[in-house]
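Here's the letter readout for the chains.
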Amino acid sequence: MSKVQIMTGNSAAAAAVMLCDVQVVAAYPITPQSQLAEMMSQYIESGELKAEYVRVEGEHTALTVCISASTVGARVFTATSANGLLYMHEQLHWAAGARLPIVMCCVNRGVGAPWTIFNDQQDSLAQRDTGWIQLYCRNNQEIHDTILQAYRIAESVYVPVMVCYDGFVLSHTMMPVDIPEQEGVREYLPPYKPHTILTPDDPRCLNPVLFPNRRADSEGVLRDGYMEMRYKLEAALEKALGAITEASDTFAKRFGRDHGGLVWGYRTEDAELHLVAMGSLASEATLAADALRARGIRAGVTGIRAFRPFPKAAVRKALQGAKAAVVFEKSISYGNEGALCTEIKGALFGTGIEPAVYNYIAGLGGRDVKARELEAAAGESWDDLSAGRREKNTTWLNCVTE
Amino acid sequence: MPENLFKINSKEYILPGSRACQGCGLSLFYRYALKALRENTIVTLPACCLCVLQGLYPSTPVMVPALNNSFASTAASASGLVAGLRALNKADTTVVAIAGDGATFDMGIQALSGAAERGTDFIYVCYDNEGYMNTGTQRSSATPMGALTTTTPILTKQQPKKDFLKIMEAHNIAYIATASPSYPLDLYDKFVKAKKIRGTRYIHIHVPCPPGWVYPPKDTVKMGRLAVETGLFPLFEIENGKFRFTGRSKTQAERGNRLPVINYLEKQGRFRKMDAEQLSQFQSMVDAKWDEYLRKTEG
Ligand SMILES: Cc1ncc(C[n+]2csc(CCOP(=O)(O)OP(=O)(O)O)c2C)c(N)n1
Ligand code: SF4
């Protein structure tokens, strides 16, 4: 029997990692991830989880430990936030390039300077081109379930997965979470089968210097050049679209909970106005959609769960009947607009599905975002559309810009 | 019982034809180290000349498993290998991290210090060719004072070499040793010994580099010997905090017959800018360090 517990997002994450038979954990504390690092050491020191815990001296090392342990065949876990994630940047590329199915929680936090400990998603969004799969969670149950799914996804396509959830808003907020039984999880997530193991039984040199072009090995067989390897990583991310959907569908069948695979919708069947967002902001948007409906605007929410790979087809399908898509996001690609907005526009361009797209940057550095603020912003966009203003500059929600 | 001249492992773990330069001291050290470490070994390495020696995908001349990693992460990678192998009940495999002086003295010091502080069960080898050779002979903090490098091309390096062995000593680890490929038996014995000890072991290898030091490739063994015979790079071990000279340095300490450093410096183009005053300053530094070691032997 599964059991329901009232727990924080970090506890929900730790409970999921426990269930995944993880063998090596290495993490370095950073607010708001710290509790997760502490809980993992608690589980391992008490013997509840039979795993090695490496108490590293920094995040670059934390991910390196996971990379090497994964290379010898262990299932590994790490977690970080903000500047810790940025400090890992070199190793993020390394993990994806080496095709290691590492799972990491990114407890989203704004990036310094200046310092903030509070939430936005600039940290993980800034790592979007490292080759990692990125999944965004909207509540604590989803955090828990997404970690179970993440290992299944990572180990089916050999690409690392970042499970992102909002610092404090979710990491430190209590909610009921249904924890499944170990046995069921083991069936859902069989033991890790590495594609290559570094072992004296079959000596190999892994990740050596590569030439741009293909080269023959000692048997005369042509092997990949650097570009072929990069292409295969890209192809694996495309394949991950299916793996994410599969992991989600199979999970729903087995455990009775469906968080949506790539994207999810709320009251979207007949929606003309879509609020588009990721993470807890998308949850908040559902309240705004209800309020807009009460005002007679047919509103719904398209929640983005997978940001990498970006689910273009699913986004097109979701926004098919939309007249306006109002994209709210807790990050910015400086000098352009919100990264999610660019992705949405890119997915729709030239398809004939062309709602007006409005962009709002919201809640940076933990500034509270209320449903009524989202409602007002979406309502304002609706008015713009009615007035024929389809193009508008990105708006900074609730920010004094003069 | 240590293996010796008559029992040295005859098996080769490096096939003929690596990509290192002609006369490279690194290949010599690697050959003897692998003979001593034998089969059940995993090597991890960062970007450096060793990475080049390992070969280009899809072929390698090296017969032990090796993991390439990023520049700053050698000891961290070893920590991950050790943890992974423990988790899989394969803890009898020897994990060896091998990095150049740049990846050790400069970028990798944090990860190495972390691993040593945790008492990670592995051998860390710094092969010290006294510069960033893979990127074309730039200055590292291991470059001796007075040496020309491509980033100290006119004025020469102004600061003395970082005393890295002292830093490692401060970590109170299980075993510290220095070795030179010019004295392969001493080197071999130290790797055999290190393999048997548990905890963090640190071995510092002085590796002559013909293009970087500017001398003919045929003189590599001679250059390594001169470094030892002048007392510039003494051979020793520190086991459980106890210091002792080994091999050639031991007999020299007993007999007091060190050669002047000028014998070593004058044979390398990189020191050609040194004047008489700098040479005597250099000799004083070597003397002071040698006396420090002598006092440790007595104490
Ligand atoms: C983060 C990072 N910065 C710079 C480099 C470029 N780089 C590659 S090898 C190297 C120098 C290596 O010097 P050392 O560790 O002394 O080994 P050697 O080449 O002398 O064998 C540098 C600077 C790198 N690979 N990674
Ligand atoms: S540059 Fe020096 S250390 Fe590097 S391979 Fe050549 S000789 Fe060896």
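Remember, it's a predicted structure, so these values are computed and weren't measured experimentally.

Caption draft 1: Examining the overall build of chain B more closely. Helix and strand content of chain B: 12 helices and 8 strands. By its C-alpha atoms, chain B is 60 × 45 × 40 Å across when sized along the principal axes. Taking all 299 residues of chain B together, the buried fraction comes to 56%. By sequence separation, contacts in chain B at least 24 residues apart represent 70% of the contacts at least 6 residues apart. Taken as a whole, chain B presents about 11700 Å² of accessible surface, with 57% of it coming from carbon and sulfur. Side-chain charges in chain B split into 36 positive and 26 negative, and the spacing between the mean points of these groups amounts to 4 Å.

Caption draft 2: Looking closely at helix α9 (residues 220-229) of chain B. Residues and elements named next belong to chain B. Along α9, 7 of the 10 residues are buried, which leaves the element largely enclosed by surrounding structure. All of the buried residues in α9 are T220, M223, G224, L226, A227, V228 and E229. Residues of α9 that are buried make contact with α1 (25-37), β6 (200-206), α8 (210-213), α10 (247-255) and α11 (262-265). Trailing α9 by a residue or two, G231 shows a phi angle of about 80°, which is positive.

Caption draft 3: Representation of the pattern of salt bridges. All names here are of chain A. Counted by the stated rule, this structure contains 50 salt bridges over all chains. Among the ionic pairs, D21 bridges to R186, the shortest N-O distance being 2.6 Å. Pair noted here: D21 is in the loop between α1 (9-19) and β2 (24-26) and R186 is in helix α8 (residues 182-188), with a separation of 165 residues, a long-range link. Using a relative accessible area of 37% as the deciding quantity, one classes R186 as partly exposed. The salt bridge involving D368 is made with K370; its shortest N-O contact spans 3.3 Å.

Caption draft 4: Fine view of the site of ligand 2. Taken together, B:A20, B:C21, B:C24, B:C49, B:N129, B:M133, B:C209, B:P210 and B:P211 make up the full set of residues near ligand 2. Here the residues of the shell around ligand 2 sort into 8 nonpolar, 1 polar and no charged.

Caption draft 5: Just the nonpolar core, in detail. Counting 106 residues, the largest nonpolar core has A:M40, A:F77, A:I133, A:I147 and A:I344 as the members making the most contacts within it. Broken down by element, the residue count for this core peaks at 9 residues, all from helix α9 (residues 226-255) of chain A. With near-sequence residues (within four places) excluded, A:M40 lies in contact with A:A14, A:V17, A:V25, A:L49, A:Y53 and A:F77. If you look at the next biggest cluster of nonpolar residues, it comprises 38 residues, including B:Y13, B:I14, B:Y188 and B:I203.

Caption draft 6: Representation of the side chain of B:S180. All names here are of chain B. In this structure, S180 sits in the loop between β5 (175-179) and α7 (184-196). Judged by its relative accessible area of 1%, S180 is buried. Once residues within four sequence positions are removed from consideration, S180 is found in contact with L187, H206, G224, V228 and L235.

Caption draft 7: Inspection of the pairing of strand β14 (residues 299-304) of chain A at higher detail. Residues and elements named next belong to chain A. By the criterion of burial, β14 is predominantly enclosed, with 6 of the 6 residues buried. Side chains A299, V301 and G303 project from β14 onto one buried face, and the interleaved G300, T302 and I304 project onto a second face that is buried too. Across 4 bridges, the pairing between strand β12 (residues 263-266) and β14 is antiparallel. Across the sheet, residue Y266 finds its bridge partner in β14, namely V301.

What counts as what
Throughout, residues of each chain are indexed from 1 in the direction in which the sequence is written. To read the labels, note that chains go from A and ligands from 1, taken in the order they are written. Given that this is a predicted model, residues contribute local features only at a pLDDT of at least 70 and side-chain atom pairs are listed and counted only at 80 or more, while totals for whole chains, interfaces and linings are drawn from all residues. The basis for every side-chain value is the complete set of non-hydrogen atoms in the structure, without hydrogens or water. To qualify as a helix, a DSSP run of H or I must reach at least 4 residues; to qualify as a strand, a run of E must reach at least 2; elements of each kind are numbered from the N terminus. The classification of residues rests on relative accessible area computed with a 1.4 Å probe and restricted to protein chains. Under 20% of the type maximum is buried, over 50% is exposed, and intermediate values are partly exposed. Any pair of residues with heavy atoms lying within 4.5 Å of one another is described as a contacting pair. Areas reported as accessible are Shrake-Rupley estimates using a 1.4 Å probe. Residue values count occlusion only from the protein chains shown. The sign given to each residue is positive for Lys and Arg and negative for Asp and Glu; His and the chain ends receive no count. Charged groups are reduced to one reference atom each: NZ for lysine, CZ for arginine, CG for aspartic acid, CD for glutamic acid. For this analysis, a salt bridge means a side-chain nitrogen from Lys or Arg found within 4 Å of a carboxyl oxygen belonging to Asp or Glu. Think of it this way: one heavy atom of a residue within 4 Å of a molecule or strand is enough to make that residue near it. Put simply, Ala, Val, Leu, Ile, Met, Phe, Trp, Tyr, Cys and Pro go in the nonpolar bin, Asp, Glu, Lys and Arg in the charged bin, and everything else, Gly too, in the polar bin. Nonpolar cores were defined as sets of buried Ala, Val, Leu, Ile, Met, Phe, Trp, Tyr and Cys residues, with membership established by side-chain atoms within 4.5 Å. Between any two strands, pairing holds if DSSP finds at least two bridges.

Keep in mind these numbers describe shape, not what the thing actually does.
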